[in-house]
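Structure assessment
Residue-level listing of the chains:
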Amino acid sequence: KNQVEQSPQSLIILEGKNCTLQCNYTVSPFSNLRWYKQDTGRGPVSLTIMTFSENTKSNGRYTATLDADTKQSSLHITASQLSDSASYICVVSADDSWGKLQFGAGTQVVVTP
Amino acid sequence: EPEVTQTPSHQVTQMGQEVILRCVPISNHLYFYWYRQILGQKVEFLVSFYNNEISEKSEIFDDQFSVERPDGSNFTLKIRSTKLEDSAMYFCASSEAETIGEGGVTFAVQNSPLHFGNGTRLTVT
């Protein structure tokens with residue numbers, strides 16, 4: 001069964017600090033892996049998309065990595081800001097069902113002053 | 001920046017009633033989607049739509065659900081006879097046929113980002 005698992009479930013970090021979120025997936029055949037940011041009460045917003053051949057992708061202070069061999073990805077947030085408080089969701093797409101995104105449960109990040 | 005808009009933001013309905021959730025996708029997008037998120041759970045795929053027909057649907061999308069693009073701008077989700085378990089946040093999304101990435105590389109639709117609306121919270125009582 002295609003699954004996407006994320007860790008930790010939640011974390012609290014001080015403003016200005018860095019953090020790394022993890023994602024493991026079993027989706028096959030793999031097409032791409034995405035990271036989304038979802039603020040409370042809002043729709044998810046795309047941060048990065050990586051295909052099989054890409055192992056890193058940056059978007060400002062967000063850097064995602066992908067190891068397609070071990071089926072793992074990480075999202076690193078650098079110099080966190082209060083506005084980074086949100087749920088970060090790992091989303092994987094299968095090659096034979098690309099419109100049907102498989103969502104993880106998300107990591108709830110709280111940035112405190 | 002163009003965005004996907006959804007109306008209403010909150011809909012309350014009685015069990016057994018029909019509801020229509022409305023979405024206006026980004027104007028040059030060709031692929032449309034409905035997802036839902038039950039409170040405290042993962043976002044789940046419902047249906048994808050292209051060229052005026054359903055491309056793919058999930059097991060959730062049974063005969064009670066239907067989608068329509070009634071004109072050039074709207075995309076709707078209809079639930080014929082709502083059940084209590086239909087209570088959820090419903091997200092509409094759209095994507096381009098292709099995306100131009102770094103270095104001018106063209107990514108086909110399967111690698112294009114989905115742009116989500118802010119959702120309609122459906123409460124069935």
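Residue numbers here run from 1 along each chain, matching the order of that chain's written sequence. Chains carry letters and ligands carry numbers; both start at the beginning, A for chains and 1 for ligands, and go up in the order they are written. Local features in this predicted model are restricted to residues whose pLDDT is 70 or higher, and side-chain atom pairs enter the listing and the counts only when it is 80 or higher, whereas totals over whole chains, interfaces and linings include all residues. To get the side-chain values, take all heavy atoms of the structure and skip hydrogens and water.

Re the environment of Ile54 of chain B
Put simply, DSSP marks the helices as runs of H or I at least four residues long and the strands as runs of E at least two long, and each gets a number from the N terminus on. Tracing the backbone through its elements, the reader meets Ile54 of chain B in strand β6 (residues 53-57). Setting aside chain neighbours within four positions, we find Ile54 of chain B in contact with Val47, Ser48, Phe49, Phe61 and Val67 of chain B. By definition in these notes, contact holds between two residues if any of their heavy atoms fall within 4.5 Å.

Examining the state of the cysteines
Disulfide assignment relies on a single distance test, namely cysteine sulfur atoms paired within 2.5 Å. Applying the stated criterion across every chain yields a total of two disulfides over all chains. Paired by a disulfide, Cys23 of chain A and Cys90 of chain A hold their sulfur atoms 2.0 Å apart. Residues Cys23 of chain A and Cys90 of chain A are joined through a disulfide that is left-handed, its torsion about the S-S bond being -70 degrees. Pair noted here: Cys23 of chain A is in strand β3 (residues 19-25) and Cys90 of chain A is in strand β9 (residues 86-94), with a separation of 67 residues, a long-range link. Residues Cys23 of chain A and Cys90 of chain A agree in their burial class; the two are buried. Covalently, Cys23 of chain B is tied to Cys92 of chain B through a disulfide, its sulfur atoms 2.0 Å apart. Sign of the S-S torsion, about -65 degrees for the bond between Cys23 of chain B and Cys92 of chain B, identifies this disulfide as left-handed. Of this pair, Cys23 of chain B sits in strand β3 (residues 19-24) while Cys92 of chain B sits in strand β9 (residues 88-95), placing them 69 residues apart in sequence. Burial classes follow relative accessibility: with a 1.4 Å probe on protein chains only, a residue under 20% of its type's maximum area counts as buried, one over 50% as exposed, and anything between as partly exposed.

Concerning the confidence of the model for chain B
Detailed reading of the predicted coordinates is not advisable wherever pLDDT is low. Looking at chain B, the pLDDT average stands at 91 and 91% of residues meet or exceed 70. For every residue, the predictor assigns a confidence score, pLDDT, that lies between 0 and 100. Ranking the elements of chain B by mean pLDDT puts strand β11 (residues 106-108) of chain B last with 59 and strand β13 (residues 120-124) of chain B first with 98.

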